[in-house]
Amino acid sequence: MKPWNIEICDVTLRDGEQTPGVSFSCEEKQIIAGLLDDIGVEVIEAGFPVVSPYEKHCVRTIAGMGLDARICCLARARQDDVEAAIDCSVDMVSIFIATSDLHIKHKYKKPRETVLAQALEAVAFAHDHGLQVRFAAEDASRTDPAFLHEVFVRGSECGADLLSFADTVGCLTPLETLEVFRELVSVVDRPLCAHCHNDMGCATANTITAAAAGAFQLHTTVNGIGERAGNAALEEVLVAVKLKGGVDRYNLSILSKLSRMVAQFSGIMPDKIKPVVGAHAFAHESGIHIAAILEDPATYEYIPPELVGGQRTFILGKHSGKRALEHVVASLGCELSKVQICAVLDRVKRLSEEKCTVTPEVLKRLIKDEREGAS
Ligand code: MN
């Protein structure tokens, strides 16, 4: 199989920061940008300079870090927004217009041809000033396909280097995404970007489906943070890009650390059962599973935890078995007879059924009780 021809544009510092209540400091943005660069992400969207003078300062600072990644920022389709991007010395500007009739009617209150003509002036202006230009169609998934086609073709004629399809409200399924991207790839002459939101829980699925259908630039955020239900998660997309897309060049082992940083800086903790970076992504309780994992982890782990800097954990509870308990007891440096293991296992199960968590401290007490009872 030919590896997917893709690059990653991580938008944690821009779309991710649009998560309600989230604001990163410039120092935090630099730490996140540095780790994204270490992973090998090709483009980092650093912010939206016209939001505030501080935001503009942050974008300029990240553009000056000397990272390998190209630095991008957001701009409305206006000359002053593009000038702000030029002031920040970014490599790429993402110029967006909403293209659906619904958005045009309520946001611009002008005919769509007028909206497009004005946007194309901003695209040409940015192109003439030496910026790489991404021309983004907001709410593309609810846009009249004929108009979207016109937006992309004319954007490309005016100097857009990349054309971005945004499923702004997360209304597509993977099958619909496949159809859309197959069609677009065949009619446009520039690389396509997939920008997917997670309102129906399909953001990652849609992003990797777009990649398989020929999309080039995939937009992600760390931990999937973003407005409403968030964006496609970097860690999920990168695992799929490696295991399904055959792309080997990213350093995934930093993902767990990056996830913790973004959780800390954003105040948004990933769910325990969040794929790849959740506290339980590599946790096992079932005795049947653990006995098999001790033979070969691949039996119950598709993603090796070490690939993403994660750690396998065994949790004791009502589903535990003797082998799991023996393993955990041994890892605490203790030794128990078969009879003692069975007795401790009974108590572990009963505690769990009473909704008590069997922490290592609790287990140590059970072991001690059992030994003292036996002596
Ligand atoms: Mn978005």
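Residues numbered from 1 in each chain as written. Predicted model: local features only at pLDDT ≥ 70, side-chain atom pairs only at ≥ 80, totals over all residues. Heavy atoms only, no water.

1. Concerning the nonpolar core
Here is step 1: Within the largest apolar cluster, 83 residues are counted, with the highest numbers of intra-cluster contacts made by I95, F135 and L234.
Here is step 2: In terms of residue count, the dominant contributor to this core is helix α5 (residues 112-128) (eight residues).
Here is step 3: Here L234 is in contact with I8, D10, L36, I39, V41, T220, T221, V222, L255 and L258, once residues within four sequence places are set aside.
Here is step 4: In this structure, V344, L345, V348 and I367 belong to the second largest nonpolar core, which totals 20 residues. (Core = buried A, V, L, I, M, F, W, Y, C linked by side-chain atoms within 4.5 Å. Buried < 20%, exposed > 50% of the residue type's maximum accessible area, 1.4 Å probe, protein only. Helix = DSSP H or I, 4+ residues; strand = E, 2+ residues; numbered from the N terminus. Contact = heavy atoms within 4.5 Å.)

2. As for the packing of aromatic side chains
Here is step 1: One pass over the full model with this rule turns up two aromatic pairs.
Here is step 2: Judged by centre distance (6.5 Å) and plane angle (70°), the ring pair of F48 and F96 falls under edge-to-face. You can see F48 sitting in the loop between β2 (43-47) and α2 (53-63) and its partner F96 sitting in strand β4 (residues 92-98), a full 48 residues away along the chain. Accessibility classification places F48 together with F96 in one group, the buried group.
Here is step 3: An angle of 65° between the planes, with centres 5.3 Å apart, marks the rings of F165 and F181 as edge-to-face. Taken as a pair, F165 in strand β6 (residues 162-167) and F181 in helix α7 (residues 174-187) lie far apart in primary sequence, 16 residues in all. As far as burial versus exposure is concerned, F165 and F181 are alike and both buried. (Phe/Tyr/Trp six-rings, centres within 6.5 Å; stacked < 30°, edge-to-face > 60°.)

3. With respect to the state of the cysteines
Two cysteines form a disulfide when their sulfur atoms are joined by a covalent bond.
Here is step 1: The tally for this structure, following the rule as stated, stands at zero disulfides.
Here is step 2: Of all cysteine sulfurs, the one in C58 lies closest to C26, which takes part in no disulfide; the gap is 3.7 Å.
Here is step 3: Among the cysteines around C171, which has no disulfide bond, C196 carries the closest sulfur, lying 10 Å off. (Disulfide = S-S within 2.5 Å.)

4. Regarding the domain arrangement of the protein
Here is step 1: Domain annotation of the protein identifies domain 1 (7-266) and domain 2 (283-374).
Here is step 2: The straight-line distance from the C-alpha centre of domain 1 to that of domain 2 is 44 Å.
Here is step 3: Of the residues lining the interface, eight residues belong to domain 1; the matching set on domain 2 comes to seven residues.
Here is step 4: The contact between domain 1 and domain 2 buries some 610 Å² in all, and 67% of this surface belongs to carbon and sulfur atoms.
Here is step 5: It is V239, L243 and S256 in domain 1 that bury the most area against domain 2; as a group they hold 54% of the surface buried on that side.
Here is step 6: Our count for the contact surface shared by domain 1 and domain 2 stands at zero salt bridges.
Here is step 7: Inspection of the domain 1/domain 2 interface yields four residue pairs in polar contact (both at pLDDT 80 or more).
Here is step 8: Only α9 (234-243) and α10 (255-266) provide two or more residues apiece to the side of domain 1 that touches domain 2.
Here is step 9: No other element matches the three residues that α9 contributes to the side of domain 1 that touches domain 2. (Domains from an automatic or database assignment. Buried area = accessible area lost by both parts, 1.4 Å probe. Salt bridge = Lys/Arg side-chain N within 4 Å of Asp/Glu carboxyl O. Polar contact = N/O pair within 3.5 Å; in protein donor to acceptor, adjacent residues only side chain to side chain.)

5. Here's the deal with the side chain of T221
Here is step 1: Within the secondary structure, T221 is located in the loop between β8 (217-220) and α9.
Here is step 2: A distance of 2.7 Å separates the side chain of T221 from the backbone oxygen of I225, its partner in a polar contact.
Here is step 3: Setting aside residues no more than four positions away along its own chain, T221 makes contact with D10, V11, T12, G16, N231, A232, A233, L234 and E235.

6. Some details on the environment of L163
Here is step 1: Of note, L163 is situated in strand β6.
Here is step 2: Separated by 193 residues in sequence, L163 and C356 have C-alpha atoms that sit 53 Å apart.
Here is step 3: Dropping the residues within four chain positions of it, L163 is found in contact with F135, F152, S156, V188, R190, P191, L192 and C193.

7. A closer look at the coordination of the manganese ion
Here is step 1: Summarising the metal site, the manganese ion is bound by the protein donors D15 (OD), H195 (NE2) and H197 (NE2), whose distances to it range over 2.0 to 2.2 Å.
Here is step 2: In the primary sequence, the donor residues of the manganese ion line up as D-x179-H-x1-H. Residue D15 is located in the loop between β1 (7-10) and α1 (26-39), and its partner H197 is located in the loop between β7 (192-196) and α8 (203-212); the two are separated by 182 residues in the primary sequence. You'll find D15 and H197 in the same group, each marked buried. (Donors = N, O, S within 2.8 Å, 3.2 Å for Na, K, Ca; no water.)

8. Regarding the pairing of strand β3 (residues 70-76)
Here is step 1: In terms of residue burial, β3 counts as a mostly covered element, since five of its seven residues are buried.
Here is step 2: Where β2 meets β3, four bridges bridge the pair, whose relative direction is parallel. In the strand pairing of β3, V43 is matched with R70.
Here is step 3: Taken together, β2, α2 and β3 constitute a β-α-β crossover, and its handedness is right-handed.
Here is step 4: Sheet topology note: the β3/β4 ladder contains five bridges and is parallel. Paired with L74 across the bridge in β4 is S94.
Here is step 5: You can see the chain leave β3, run along helix α3 (residues 79-87) and come back into β4, and the turn it takes is right-handed. (Pairing = 2+ DSSP bridges. Right-handed = clockwise from strand over helix to strand, strands pointing away.)

9. Focus: the sheet that holds β3
Here is step 1: With respect to topology, eight strands assemble into a closed barrel ordered β1-β2-β3-β4-β5-β6-β7-β8, the strand pairing being parallel. Neighbour to neighbour, the strand axes of the sheet diverge by 25° on average, direction disregarded.
Here is step 2: Sheet topology note: the strand β5 (residues 132-138)/β6 ladder contains four bridges and is parallel. Note that in β6 the partner of R134 across the bridge is L162.
Here is step 3: Running over the sheet, helix α4 (residues 101-108) touches β4 and β5 and is turned about 90° from β4. (Axes fitted to C-alpha atoms, helices over the stretch in contact; angles between N-to-C directions.)

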